[in-house]
Amino acid sequence: MPGLRIFHFYRKRRKRFFYLYLFCFLAFSLCSVREYIPDSISVTRGEAVSLGSFLPVTQTVKNGSETAVSYGIAGTAGTDDYELECRLFGLIPVKNVTVHIVDEEQVIPCGIPIGIYVQTAGVYVVDLAEIETERGGAASPAKHVLKTGDYILEVDGTAVETKEELVAAVSASDGTALMLTVRRNGETLECEVTPVQTVDGSYQIGVWVRDDMAGIGTLTYVTEDGKFGALGHSISDTDTESRIEMKKGTLYLADILSVIRGEKGNPGELVGQISYTESTILGSIEKNLANGIFGTLTSLPDELSGIEPVSVGYKQEVEEGSARMLVELDGELCYCEIEIESVDLNAAEVNQSIRIRVTDEALIAKTGGIIQGFSGAPILQNGKIIGAVTHVFVSDPLEGYGIFIEDMLQTE
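Residues numbered from 1 in each chain as written. Predicted model: local features only at pLDDT ≥ 70, side-chain atom pairs only at ≥ 80, totals over all residues. Heavy atoms only, no water.

(A) The pattern of salt bridges, seen in detail. For the structure shown, the criterion picks out 11 salt bridges. Across the pair R183 and E245 runs a salt bridge, and its minimum N-O distance is 2.6 Å. Note that R183 is positioned in strand β12 (residues 178-184) and E245 in the loop between β17 (227-230) and β18 (246-260), a separation of 62 residues in sequence. Residue class for E245 comes out partly exposed when judged on its relative accessible area of 29%. We note a salt bridge from E317 to K384, for which the minimum N-O separation is 2.8 Å. Pair noted here: E317 is in the loop between β22 (310-311) and β23 (321-329) and K384 is in strand β27 (residues 384-393), with a separation of 67 residues, a long-range link. A relative accessible area of 24% places E317 in the partly exposed class. Residues participating in the shared-partner salt-bridge network are E341, R355, R357, D396 and E399. (Salt bridge = Lys/Arg side-chain N within 4 Å of Asp/Glu carboxyl O. Helix = DSSP H or I, 4+ residues; strand = E, 2+ residues; numbered from the N terminus. Buried < 20%, exposed > 50% of the residue type's maximum accessible area, 1.4 Å probe, protein only.)

The following block contains the structure:
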């Protein structure tokens, strides 16, 4: 009968739509859950292991041939590191998470402004340039020879560490070809460049270079044995946006002279000065990494003498909601209110894992929100240090990004 055939036809179509909808729902759920679950977590020994009870996943510890439900005490699986298997709705495998069991760690949250000075590991090529020759024409001797981001290490076998040494070697060439030893993307290579004589009679190869950098940032933490972390991102060249390969670095006390208040489209800034004297040295910078700068303090600033260490909070403990940012204003350390708007446990950029918004009225009145120089300001929540400020949104100085403190503590 025609009516019965039509009924069966629509019944089959509804089933197909139902299964298609179910498939799409499960696929979307799987992708969403995978995005939220981290690849690895650290858990303080003796604390419960959980990725969040709101997730529609079951979690089991995989330890050799044994399987145990993981909502228990960290470290009871018989090893300090193990795999945590996550299944969507208890059925579909989602991800295996590596769990690192660690002893409780405490650091002193700092928040004070610091002066940063680093020397590059070689003479750094910022850009190539055309120069006017003695005959009135234009030449670019280094074009197709050197590249932006190169480090010039030697000229004709003699080491050069400063701009002045490079200029002297080029000037002494009298226009004869020079053999440069250059480090490019971690590899050392030899290249030849011939200087040309300019209108003033000097010899040049047509490069803009630098051999050091300086700036103002914020000290994030100090450990019991005097190790520090700061910035939450690397020291990078402002022109090339590349991380600087560092030969030597020094941390100084910084005097903040004024504050340029941030506005939409124009991020503010801490304006300060660094006195390069022995008495103002705080310590040495030993590493310039993607997750911050790290080294050893030789002296503890007076502002930090009364601050007690706090426990480290790991990424799975960070919650959306209220938190505090520790910064120095008008010479005094202040805990300023912020809101954690979102948490990305698998951020593509490690220093953009926490999205924050400043809500503290006093801070907004003084700075307009997050300003340049606040990079490294500690973020605290539930009595623990959980991260540090790393970026400000140019479009809105009230908003910015932060890095998980556990990512800063990984300095190897």
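Next comes the rest of the description.
(B) The environment of C334, seen in detail. Structurally, C334 is set in strand β24 (residues 332-343). A sequence separation of 223 residues divides C334 from G111, and the C-alpha atoms of the two residues are 8.5 Å apart. Each residue touching C334, except ones within four places of it in the same chain, is listed here: M325, L326, V327 and L329. (Contact = heavy atoms within 4.5 Å.)

(C) Structural view of the packing of aromatic side chains. Under the defined criterion, the tally for this structure stands at 4 aromatic pairs. Centre to centre, the rings of Y124 and Y151 are 5.0 Å apart; their planes meet at 55°, and the pair counts as tilted. Remark: Y151 occurs in strand β10 (residues 151-155) and Y124 occurs in strand β7 (residues 113-128); sequence separation between them is 27 residues. Judged by relative accessible area, which is 1%, Y124 ranks as buried. Three or more aromatic residues link up through ring pairs in this structure, and these residues are Y117, Y252 and Y276. Geometry around Y151 places R183 over its ring, the cationic atom sitting 5.1 Å from the centre. Over the ring of Y335 we find R324; its NZ or CZ atom is 4.2 Å from the centre of that ring. (Phe/Tyr/Trp six-rings, centres within 6.5 Å; stacked < 30°, edge-to-face > 60°. Lys NZ or Arg CZ within 6 Å of the ring centre and 35° of its normal.)

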